[in-house]
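Chain by chain, the residues:
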Amino acid sequence: MSALAATTGGAAGDNNNKKTNRNNFKNLPTAALDDLVQYVTLYVRKPTLISGVVLPFVPLYLTAFYLWIYVYKGQGDDVQNSKNESGNEDAAWNDIGFIAVVAIAFLHILTMLFCYWSVHVLAFLTCRRVKKPAAGVLAKVVPTANNGNSKIVPIRHLQLENGDQQYYLVFQKTKYVWDEDKALFRAVEFPVNKLLSTYASSRGLETEQAIKTAMQTYGNNEMDMVVPEFHELFIERATAPFFVFQVFSVGLWCMDDFWYYSLFTLFMLIAFECTIVKQQLRNMSEIRKMGNKPYLIYALRQNKWRQIGSDELLPGDLVSITRSQNDNIVPCDVVILRGSCIVDESMLTGESVPQMKESLESLQELNTELDAEGEGKLTVLFGGTKVVQHTAPSKESMRAPDGGCIGYVIRTGFNTSQGKLLRTILFGANRATENNAETFAFIAFLMVFAVAAASYVWVKGSEDPERNRYKLFLECALILTSIIPPDLPIELTLAVNTSLIQLTKLFVFCTEPFRIPFAGKVQICCFDKTGTLTTDNLMVEGIAGLASNGKCVPIDEAEDSTVQVLACCHSLALLDDGLVGDPLEKAALAAVDWNLTKSDSVIPKRGKLKPLRIVQRYYFSSALKRMSVLAGYLIPFSNEISYIGAVKGAPEVIMGMLKEVPADYEKVYLEYARRGARVMALGIKEFGSLGGQRVRELKREDVECDLTFAGFVIISCPMKPDSKAVIKELVQSSHKVLMITGDSPLTACHVARELRFTNKKLLILTPPPNESSDTWSWVSIDGDRTYPLDDVKGDKNISMLLAANDLCITGEGLLYLQQAHHSYMLKVLPQVTVCARFAPKQKEYIITTLKQLGYYTLMCGDGTNDVGALKHAHVGVSLLTSAPAKRKRTDEELRQINAAATAAAAAAVAANQQLSPRERAMRRRQEHIDRTQARLQSALRDMDEQTMVKLGDASIAAPFTSKLSSIMCVNHIIKQGRCTLVTTLQMFKILALNALIQAYCQSVLYIDGVKFSDTQATMQGIFIAACFLFITRSKPLKTLSKVAPLPNIFNLYTISTILTQFAVHFGTLYYLTSEATALAPPRVGKVKLYIDMDNEEKTKYDPNIVSSTVYIICVSLQVATIAVNYKGHPFMESLRANRMLLCAIGASAALVLFLTTGIVPGLTQFFEIVDFPTNFRQTLLLVLIVDIVGAFALDRICSFLFGETRRKSKVLNC
């Protein structure tokens, strides 16, 4: 048996530093192997004869045949001889024996199917456990939640160069090798956590032996995706549990001679599955195109630069990366050793701003481990991204023939960041519906009634000793199968797929469809601030903190030192396409009116200041909350360079680095932060002339100390135009809204008030003013109110605070609560409105904690530093900041189009004048028909529209990706989620009522001799299928409702309305059947059931008043069930707006009216309905009307008593 490990990371196979492991481990299932695999167990196949699918059934078959043929047959002969009876008992024993053998065969087939459906059952019945891998051993691999299905894969082995055997398995394109020492499987460890100095000193794969070893360990850099054949995919779908069950039901119906209905159902099932398979094949072909196309690239092998295919790259290779051409992308994950790049990562993260990547040679501290997913991503090029611009290495120690950046390959194939996204699309949670456990529990609930009905038929039917037991058993089996309609899986899938198509039209793409119903259950909506709620079009208002009264002065009046800091302290780069980088830094550079050159020099457009050359950047880090640069300028009349250090960052961080802190430092920055401005402190340090060696040895700490204060830069962040409206709609629709940002608490609180996150005053959790006290307190923004943090009276304290206030906590405050007041933290977190100064890991912690507390969460961010939170939320929405662009037509094209349109209009007018009035009317009619056909074609295209998510549409950050930068997509997703959830719940209610009515009709009424013709059954099936299709096509309303739908199938309202409506329908059915029976001619002899008839009698259907009445009642009850239980408002369009469903219900109601009154003789003849007496017609019509009204009234009473919307949360107050 394999042991378990706990290695985690960004992609499978990573083994990052200990700190990262600890953080990630909290979010993995207990004792998971890694973030993909939960556990692995080893097995060998048992010989077929002693496996669990053969051995237990051999004695059962032998016993059944022995008892049937020898024992009971013999007893039957003895009884017949002794009593001289007619042989009926002999036939009965034959039937019982046959039924026993059929039951065993059915159990045998079911067991084999369960082996196909579940690898756990397959392993249990056909394999035995072993402890170590060997030839012929199999591995059962169980993935972590939402990472696809468990699978049994073969253990493979290869001969290593040293002669050892290496055993490994491949699961979801990821290789796991057997560790002999630890007796466990572990993911192949890619070189992603080495010391930076190890990468920097590498010379690539220097020997043939090293190349062979790397090849054996990692394999080629390929993303092979084999598209299966149509029949392979169809077999896979045709053996799904629901499909097998329905085919089994169809088989039983055929044995009972319901040919038309059976074949119609079978055709519908197969057509649907074929459509799904064709869609899957198209999707797989699209995915196949997403993989990297191989191209020639320079790699340093055996100390020589040589061109090899990009698919031949191996971890440990040194490669030359140049600007992407001909749609070539970075082929694998690479650490940059020399040179620098500017990279477009929008294909992976959704971040539209190109990122600057620096090399290891620009770093001073190389004795730290690489953290590719954290701070180290500044030096990592991720596979699947595009290099917009590269700078060749400045030093001559190593240069590639093409002058590219030198990089060290750390991950290849499906283990890269791009590969991980592809694996999510390929193997991610592939359930189209949610709550499978509830679905099966619901079916089990209905099965109780089905078993009762089948038992009634068996007991009553067995009272006649002459009745064929085999046929009676078949009839009982039919009752059990009729409880689950054949279109249940189709409808459940259609509800989700309809939402997928609607979201795609709104430029929202989804990689995990099963999350759509979760969106309907969301209680807490979390938002990042910068770039999500606010725009990237920042405005620099001026510089504060240097004037005597602390007022803000315009940039053109700022001091020279301030202008120098703003001009050089940034991460911007100049490309052929223009300036790229952080919008805030671009705004600051534009405000000081300086230009950046491609050689990293900044030049003033006017003024007396000298140009500066950026020598060294110390990049911004969310942990450090600052960035700094070393820059130099030429001293006039000399060749010497004078160096300055420029620093900018959070005011509270820079404060500790200043030589002298101004007296009003805190007062000034707090004042502007309270107004909602983004405030950054600036500092400068003069180094004077430095030698080359000293410049290279200068560390970040040397620059970031003894600074001279250079003022606060005040930047305003305008809100996105629709942010306020979206937040208002969410608050009014039973959602708690929460802002989680890395910005300062005062700025965040101002934005929260502006966007109406709250109308109350905000209190910030604040540390004690001096170190002698350790009591934290809740302090208002203006500082006039202070409330102590009282953990002892936790609930009372929180209730008192929330009576007139809302809460804001900082990252520092969260850390304090985690360590000192954990239970208080769990109570207060759902109540918090603003989380400020939060690091990415803390954002993730908030989401996971809220989930553990039982709340459904949504997180919306820009997909860069919010990845963890977005992935862990029930619904994660990543915003791409670039909208889909349409090519604008040129002026020449527009002129041509206008000229063509004018000519066509003139020709049409001239033609119309030459036509007679009748011909003009015919022309208009033809144009109308053409437009109708065009609309129909458009609708058909929409139905067949691909919901396949492509790279560039999907973000590695989140299950949902919006290609529009507006947060309006959150409301669209919630609307579709609620619509899908409500549709599913309504379908379950309708199915339950239909199943209960069906159970009664097929038991009590069947025993009384009531049956339907084949035509009647087929038309009834078509009506139900059409209604369900139209229900799933319902669209959500344009605005979110104030209330939320019920999140689960099992609730007081659903159960009570099903039972009370069934009681009314049952009363109607019972009363009208009794009345019809009284009018029927007296029965002569015993009731002859359908199973007792011979073939000639079966083909002849003799309608009578009872069977005709029951059919009309059944159709009417189905109309009533759908009309009463379909409720559009407040979540989706009403019945009046859903024209197709309204037409279907109207047509069925008209059919009931026509069949009852008999005013259309041809229709009654087609449906084989008898002519009713006048008085009975009136009674039938009146009772059916009372039934519909009664069912409607009882449903509304249940709704009033128990409510059909989610109850208001006392904690969230929504």
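Model, not experiment: these values are computed from the prediction.

Rules used in this analysis
- Residues numbered from 1 in each chain as written.
- Predicted model: local features only at pLDDT ≥ 70, side-chain atom pairs only at ≥ 80, totals over all residues.
- Heavy atoms only, no water.
- Helix = DSSP H or I, 4+ residues; strand = E, 2+ residues; numbered from the N terminus.
- Buried < 20%, exposed > 50% of the residue type's maximum accessible area, 1.4 Å probe, protein only.
- Areas by Shrake-Rupley, 256 points an atom, 1.4 Å probe, with all protein chains shown as cover.
- Axes fitted to C-alpha atoms, helices over the stretch in contact; angles between N-to-C directions.
- Parallel < 35°, antiparallel > 145°, perpendicular 65-115°, else oblique.
- Left-handed = near helix turned anticlockwise from the far one by under 90°.
- Contact = heavy atoms within 4.5 Å.
- Nonpolar A, V, L, I, M, F, W, Y, C, P; charged D, E, K, R; others polar.
- Salt bridge = Lys/Arg side-chain N within 4 Å of Asp/Glu carboxyl O.
- Pairing = 2+ DSSP bridges.
- Polar contact = N/O pair within 3.5 Å; in protein donor to acceptor, adjacent residues only side chain to side chain.
- Disulfide = S-S within 2.5 Å.
- Phe/Tyr/Trp six-rings, centres within 6.5 Å; stacked < 30°, edge-to-face > 60°.
- Lys NZ or Arg CZ within 6 Å of the ring centre and 35° of its normal.
- Patch = residues over 30% accessible without salt bridge, like charges linked within 9 Å, V, L, I, M, F, W, Y side chains within 5 Å.

1. A short note on the overall build of the chain
Of regular secondary structure, the chain possesses 37 helices and 38 strands. When each of the 1214 residues of the chain is scored for burial, the buried share is 52%. Per element, the accessible surface of the chain, about 55200 Å² overall, is 57% carbon and sulfur.

2. Considerations on the packing of helix 15 (residues 560-568) against helix 16 (residues 583-592)
Running from amino to carboxyl end, helix 15 crosses helix 16 at an angle of 135°, the nearest separation of the two axes being 8 Å. It follows that helix 15 is oblique to helix 16 by the angle criterion. The handedness of the crossing between helix 15 and helix 16 comes out as left-handed. Along the contact surface, helix 15 presents V563, L566 and A567, while helix 16 presents A588, L589 and V592. Residue composition of the contact of helix 15 with helix 16, grouped by class: 6 nonpolar, no polar and no charged.

3. Re the pattern of salt bridges
A full pass over the atoms with the stated rule returns 16 salt bridges. Across the pair R411 and D333 runs a salt bridge, and its minimum N-O distance is 2.8 Å. Remark: D333 occurs in strand 12 (residues 333-338) and R411 occurs in strand 17 (residues 405-411); sequence separation between them is 78 residues. With a closest N to O distance of 2.8 Å, R700 and E704 form a salt bridge. On the basis of relative accessible area, E704 is assigned to the buried category, the value being 8%. Put simply, K1127, D1195, R1196 and E1204 are held in one network by salt bridges that share partners.

4. A few points about the pairing of strand 11 (residues 318-321)
In strand 11, alternate side chains face the same way, and those of L318 and S320 on one face and V319 and I321 on the other are all buried. The sheet contact formed by strand 9 (residues 296-301) and strand 11 spans 2 bridges and is antiparallel. Its bridge partner lying in strand 11, A299 is registered against V319. Bridge analysis of strand 11 against strand 17 gives 4 bridges, and the strand direction is antiparallel. Residue pairing for strand 17: I321 is matched across the bridge by C405.

5. Let's talk about the side chain of K175
Tracing the backbone through its elements, the reader meets K175 in strand 7 (residues 174-179). Looking at K175, its side chain comes within polar contact range of the main-chain oxygen of Q216, at 2.7 Å. Among the polar contacts listed, one links the side chain of K175 to the backbone oxygen of T217, at a separation of 3.0 Å. With residues near it in sequence (within four places) discarded, K175 still touches L158, Q166, Y168, L169, V170, R186, A187, V188, Q216 and T217.

6. With respect to the sheet that holds strand 3 (residues 138-143)
Spatially, 4 strands are ordered 2-1-3-4 in an open sheet, and the strand pairing comes out antiparallel. Taken across any chain shown, the strands that pair with only one partner, and hence form the sheet edges, are strand 2 (127-130) and strand 4 (151-154). Recorded for the sheet is a direction-independent mean angle of 40° between the axes of neighbouring strands. Bridge count for strand 3 against strand 4 is 4 bridges, and the pairing is antiparallel. Opposite K140, over in strand 4, you have I152 as the bridge partner.

7. Thoughts on the state of the cysteines
For the coordinates displayed, the defined rule picks out 0 disulfides. Among the cysteines around C526, which has no disulfide bond, C525 carries the closest sulfur, lying 7.5 Å off. Classification of C526 as buried rests on a relative accessible area of 0%. The thiol sulfur of C749 is not disulfide-bonded, and the nearest other cysteine sulfur, from C808, lies at 3.8 Å. The buried category is assigned to C749, whose relative accessible area is 0%.

8. Some thoughts on helix 16
Counting buried positions along helix 16 yields 7 of 10 residues, so the element is predominantly enclosed. Taken as a whole, helix 16 has its buried residues at P583, L584, E585, A587, A588, L589 and V592. Looking one or two residues beyond helix 16, the residue adopting positive phi is D593, at roughly 65°.

9. A short note on the packing of aromatic side chains
Enumeration according to the criterion identifies 20 aromatic pairs in this entry. Seen from their ring centres, Y669 and F712 are 6.0 Å apart, and the 50° between their planes marks the pair as tilted. Remark: F712 occurs in strand 29 (residues 708-716) and Y669 occurs in helix 18 (residues 665-674); sequence separation between them is 43 residues. By relative accessible area, which is 12% here, Y669 ends up buried. The class of F712 is buried, set by a relative accessible area of 1%. In textbook terms, an aromatic cluster arises when at least three aromatic residues are bridged by ring pairs, as seen for Y665, Y669, F709 and F712. A cation sits over an aromatic face here: K175 above Y168, 4.6 Å from the ring centre.

10. Looking at the sheet that holds strand 6 (residues 165-171)
The 4 strands are arranged 5-6-7-8 in an open sheet whose pairing can be described as antiparallel. Whereas interior strands pair on both sides, the edge strands pair on one side only; in this sheet they are strand 5 (156-159) and strand 8 (184-187). Direction aside, neighbouring strands of the sheet carry axes that sit 35° apart on average. Two strands pair when backbone bridges link them, and strand 5 and strand 6 are joined in this way by 4 bridges, in the antiparallel orientation. By the bridge assignment for strand 6, Q159 is matched with Q165.

11. Brief notes about the packing of helix 32 (residues 1052-1079) against helix 37 (residues 1174-1202)
Their axes nearest at 9 Å, the elements helix 32 and helix 37 cross at an angle of 165°. As the angle between them shows, helix 32 and helix 37 are arranged roughly antiparallel. Here the hand of the crossing between helix 32 and helix 37 comes out right-handed. Considered class by class, the residues forming the contact of helix 32 with helix 37 number 15 nonpolar, 8 polar and 3 charged.

12. As for a nonpolar patch on the surface
Together, L1052, I1197, F1200, L1201 and F1202 line one region of the surface with nonpolar side chains, adding up to about 560 Å² of accessible area. Here the nonpolar patch takes 4 residues from helix 37, the largest share from any one element. Secondary-structure assignment places F1200 in helix 37.

13. Focus on the environment of A958
Position of A958 relative to the elements: it lies in the loop between helix 29 (917-943) and strand 38 (960-962). Look at A958 and you get buried, because its relative accessible area is 2%. Put simply, A958 and G861 are 97 residues apart on the chain and 9.2 Å apart in space, counted from C-alpha to C-alpha. Those residues in contact with A958, other than ones at most four positions away along the chain, are T511, L870, K871, G876, V877 and S878.

14. Side note on unusual backbone geometry
For the bond running from H1129 to P1130, omega is 10°, close enough to zero to count as cis. One can find P1130 in the loop between helix 34 (1105-1125) and helix 35 (1139-1157). A positive phi angle, close to 50°, is found at Q302, a residue other than glycine. Inspection of the secondary structure puts Q302 in the loop between strand 9 and strand 10 (304-309). Relative accessible area serves as the criterion here: at 27%, Q302 is assigned to the partly exposed category. Of note, the phi angle at E1168 is positive, near 55°, even though the residue is not glycine. Within the secondary structure layout, E1168 lies in the loop between helix 36 (1161-1166) and helix 37. Judged by relative accessible area, which is 24%, E1168 ranks as partly exposed.

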